[in-house]
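Coordinate analysis (summary)
Single-letter residue listing:
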Amino acid sequence: MPLGTDRNDRHDDRTGRNDRTKKKRTELAHFLRSRRAALSPEDVGLATAARRARVGLRREEVAVLAGVSASWYAWLEQGRPIKVSDGILDAISRALRFSEPERVHLYRLADANPPLPLSAPDLPDSGLFRRMVDTQLLGPSCVIDRYWEILAANEAAAEVLRLGLDGNDNFLTSLFNGSHGERYLNRPQLARRMAARFRLQSSYGADDARYEEIADELAEGDPRFAELWERHEVEEFVPATVEVDHPTEGRVSFVLFTMDLDAAAGTRLLVYLPPGAAGPGSAWS
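Below or above, wherever it landed, is the structure these notes cover. (Residues numbered from 1 in each chain as written. Predicted model: local features only at pLDDT ≥ 70, side-chain atom pairs only at ≥ 80, totals over all residues. Heavy atoms only, no water.)

1. Looking at the side chain of Asp 222
You can see Asp 222 is positioned in the loop between helix H10 (209-221) and helix H11 (223-231). For Asp 222, a relative accessible area of 3% puts it in the buried group. In contact with Asp 222, other than residues within four places in its own chain, are Phe 176 and Asn 177. (Helix = DSSP H or I, 4+ residues; strand = E, 2+ residues; numbered from the N terminus. Buried < 20%, exposed > 50% of the residue type's maximum accessible area, 1.4 Å probe, protein only. Contact = heavy atoms within 4.5 Å.)

2. Comments concerning helix H2 (residues 59-66)
Listed in full, the buried residues belonging to H2 are Glu 61, Val 62, Ala 63 and Ala 66. Just downstream of H2 lies Gly 67, where phi reads positive at about 75°.

3. Focus: the packing of aromatic side chains
A full pass over the atoms with the stated rule returns 10 aromatic pairs. Here Trp 148 and Phe 171 contribute two aromatic rings whose centre-to-centre distance is 6.1 Å and whose plane-to-plane angle is 65°, an arrangement assigned as edge-to-face. Residue Trp 148 is located in the loop between strand S1 (141-144) and strand S2 (150-153), and its partner Phe 171 is located in helix H8 (residues 171-176); the two are separated by 23 residues in the primary sequence. Take Phe 171: its relative accessible area is 1%, and that puts it in the buried class. An angle of 45° between the planes, with centres 6.0 Å apart, marks the rings of Phe 198 and Trp 229 as tilted. Of the two residues, Phe 198 sits in helix H9 (residues 187-204) while Trp 229 sits in helix H11, which places them 31 residues apart along the sequence. The exposure class assigned to Phe 198 is buried, which follows from its relative accessible area of 0%. Taking the relative accessible area as the measure of exposure, Trp 229 reaches 17% and is therefore buried. (Phe/Tyr/Trp six-rings, centres within 6.5 Å; stacked < 30°, edge-to-face > 60°.)

Structure representation (structure tokens):
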């Protein structure tokens, strides 16, 4: 082995870690700014005496609500290399009225251990899992990987949603850049939720440049995705109602249900439950 190889390898490793750390700081800064801009003083119980030139909270107001100095919070939003404790992250989460997924997302971007959930997530009743197993072959179904590449799709998914056809091998691409996305009649709502879910999933692989590449490609091909990505919203995978223009039956409502197949590999099953499969009285029926 040539002399100096180990030293060069260590240098490359440090450079790679530094680049990933800088990327996370940039993401953290953007996330905080986007969430601050999405709130008004009234949302957090603050009174305003005059009309503002800009919408959203001011940095100083967030700092007061979180119990930190205005200059320190400004440094955090600027992506400076400062240490942040779990207590401060929770205080910022409360100040910005974060949901549980947003709080976890903040922890990941701050290079902190993801927190234990404050409360159990709202899950569908066990009957929905059973109905999903019993009926999933009757509706469109596909398996995607960690980058939402379509690994497999059944005939119904190909016929109804054109998934896996004509080089259409990425679920997000089919929804945004592909003409097949027009089959979704509630496309704006579905697009917002899927962009938020992909944003949250990308935080699990913050060191993986492929997520950024996919986001850049989608943003370049569709201004709708660019606008949604800029919002920096995050959302967990939960059942969602999907309205589809069925090629033979016209307007049909499905419940899009997802399930992890292999958490380590990031593979996930997407099932469009047929009408009524969610059960009578279900929030997703």
